[in-house]
Amino acid sequence: MAQVEKRGGLLRKSSASKKPLKEKVVLMYDEIFMTEDPSKCSPRFWEELFLMKVNLEYLEGKLESLDGEELMKIKDNINCLFQHCIQALGEEHPIRVVNALQNLMESLDSLLCAEGSESLKSLCLKLLLCLVTVTDNISQNTILEYVMINSIFEAILQILSHPPSRREHGYDAVVLLALLVNYRKYESVNPYIVKLSIVDDEATLNGMGLVIAQALSEYNRQYKDKEEEHQSGFFSALTNMVGSMFIADAHEKISVQTNEAILLALYEAVHLNRNFITVLAQSHPEMGLVTTPVSPAPATPVTPLGTTPPSSDVISSVELPLDADVQTSNLLITFLKYSSIVMQDTKDEHRLHSGKLCLIILTCIAEDQYANAFLHDDNMNFRVNLHRMPMRHRKKAADKNLPCRPLVCAVLDLMVEFIVTHMMKEFPMDLYIRCIQVVHKLLCYQKKCRVRLHYTWRELWSALINLLKFLMSNETVLLAKHNIFTLALMIVNLFNMFITYGDTFLPTPSSYDELYYEIIRMHQSFDNLYSMVLRLSTNAGQWKEAASKVTHALVNIRAIINHFNPKIESYAAVNHISQLSEEQVLEVVRANYDTLTLKLQDGLDQYERYSEQHKEAAFFKELVRSISTNVRRNLAFHTLSQEVLLKEFSTIS
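Residues numbered from 1 in each chain as written. Predicted model: local features only at pLDDT ≥ 70, side-chain atom pairs only at ≥ 80, totals over all residues. Heavy atoms only, no water.

If you look the chain up in an unreviewed UniProt entry, it shows as Armadillo like helical domain containing 3 from Chlorocebus sabaeus. A UniProt comment under Subcellular location (unreviewed entry) is attached to the chain, and it reads "Membrane". (UniProt positions renumbered as here; feature names shortened; annotations may be inferred.)

This is how it looks when you write it as structure tokens:
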């Protein structure tokens, strides 16, 4: 018994006198954090490292303990760790692949959060973007399973909330986040979706908004520069000589490739995070109207315009350049201007996708109570210079004549502009439906909150009636591809909204009179529509049910026409006037309101809320595939910042 106690005592004494043993992998980590090359004395160092079980806690602690100066001293070893991690990912041995991935992701996460080399952070983000976009369909990228479990979300937010890091890396961080949010978003619980939806830190959300606004603003600037170049160059002189017959071709030449990745990031922020809505209206008057001069672009750009982040020179002194035509700017204004450009031409697939995404974003905004509050706020007036498609029958409006109005007026202007400019052979039915839905949702808010918006409603009414005329005159061609009665019903019900509830949101009683005048003036269009839908609703064809709905929806419009037209004709006959003036017609209308009988129509101020998963999943899968391909392609080009990076880290082969 005594011997056992003695033996135990000796063991205790012995163990107390020795330092705790370190795992071999920990010793190997220590070698990496020395200035000497760890493989110098041990050629098989990297092979053995990836056979060891990863100690994430220790590796994270070592990385976090480094300051910027210490990190630069061991940059060669850090580069080697990255390089060998990536090489190990291609091996067949599963243990090496898993361990390499764990080492790589922990290193990336820690270095993104750490104070130190901005070039190293840039390398981390580029590498992550390479890993994320290694497959066109990111949901088939099994590497991302690890990124879902070991989140880098906080590291991305830290970049966005810290101004110096945001200026250097904000673009890549925002694009990376947008892609990660779309990983298997319909198949399982994506932690990035959950985390993004609950972010409420003001600095982080504003940082994200600034990055998005900067990228969209850069696109707008490029477009404006090209537009001015064409207007002042030889082409402009040639056009003046031969007339406007080539005006459409001029428009094609000044198109700039869209930035779908940054637009997707804006969509995810608006759709998922209600707190981000406040960022849309965040004004930046303190930055003044001076835009930082941009260094001359190379004669042959290495990447498509509009797809890459602005150069660091552009954003070094100001986060968000302001437009010369506004006193203050915000993300929503920049987005509306961007939308007015990309929605002009929907023939190109990328621009069609961008136009659709712009309308989806506007749909989400139009449904949000807080967004509507600042859109309609009379105390928040802006001068928004939207781009208008060149058309032969109208002159370009002078920028200086733009009035300062609530932002909802710019949204409505954008919708009217789209309606007027896309009545063509390749009819974008889906975009038209979304456009009308945005208008309807804004009207529902105005009716609900009794907001009397001072807007030129006649422009909207005229555009809607012209659209109905287009649908009727191209009935045969359009019906072969689309159910035009869905769109016709939405247009008719917009008029029904004005007829039934207009007294609650139209700005003045005379506005309501003008609505009736416009319906009476264009009665032939409504009569023709009724004849068309009546013909198809009485036949046993495929359009019977759809046409019948339009027939029933026209009841009040037809009642107005049938009530006032005889009275107007009688007034003209009694007073011996061949053609009445507008004021004379309005006089008849005002005198005969009391005897007009209308039917109450239900559900005019109701709408189905936007749902991505059930209706838009296919679109977003295809969009993300396209973005993934584009991001990967652009990462392969050596921009100036990448050349600097490669010089600084010359050990990377």
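Turning to the overall build of the chain, a few remarks are in order. A tally of regular secondary structure across the chain gives 34 helices and 2 strands. Taking all 653 residues of the chain together, the buried fraction comes to 52%. Look at the contacts in the chain between residues 6 or more apart in sequence, and 79% of them connect residues 24 or more apart. Summing over all exposed atoms, the chain offers an accessible surface of approximately 31100 Å²; the carbon and sulfur share of this is 54%. (Helix = DSSP H or I, 4+ residues; strand = E, 2+ residues; numbered from the N terminus. Buried < 20%, exposed > 50% of the residue type's maximum accessible area, 1.4 Å probe, protein only. Contact = heavy atoms within 4.5 Å. Areas by Shrake-Rupley, 256 points an atom, 1.4 Å probe, with all protein chains shown as cover.)

With that out of the way, let us pick up the environment of R351. As for its placement among the helices and strands, R351 is situated in helix 20 (residues 349-367). For R351, a relative accessible area of 5% corresponds to the buried category. Residues R351 and T258, spaced 93 residues apart in sequence, show a C-alpha to C-alpha distance of 6.5 Å.

Moving on: the packing of helix 27 (residues 509-521) against helix 31 (residues 582-591). Orientation of helix 27 relative to helix 31, taken along the N-to-C sense of each, is 110°, at an axis distance of 10 Å. As summarised for this structure, helix 27 and helix 31 are arranged roughly perpendicular, according to the angle between their axes. Contacts from D513, E514, Y516, Y517 and I520 in helix 27 reach E582, V585, L586, V589 and R590 in helix 31. Among the residues forming the contact of helix 27 with helix 31, the class breakdown is 6 nonpolar, no polar and 4 charged. (Axes fitted to C-alpha atoms, helices over the stretch in contact; angles between N-to-C directions. Parallel < 35°, antiparallel > 145°, perpendicular 65-115°, else oblique. Nonpolar A, V, L, I, M, F, W, Y, C, P; charged D, E, K, R; others polar.)

Attention shifts here to the packing of helix 26 (residues 484-505) against helix 30 (residues 555-574). With their axes 9 Å apart at the nearest point, helix 26 and helix 30 run at an angle of 65° to one another. On the side of helix 26, the interface is formed by V492, F495, N496 and I499, while helix 30 contributes N556, I557 and I560. Class assignment of the residues belonging to the contact of helix 26 with helix 30 gives a composition of 5 nonpolar, 2 polar and no charged.

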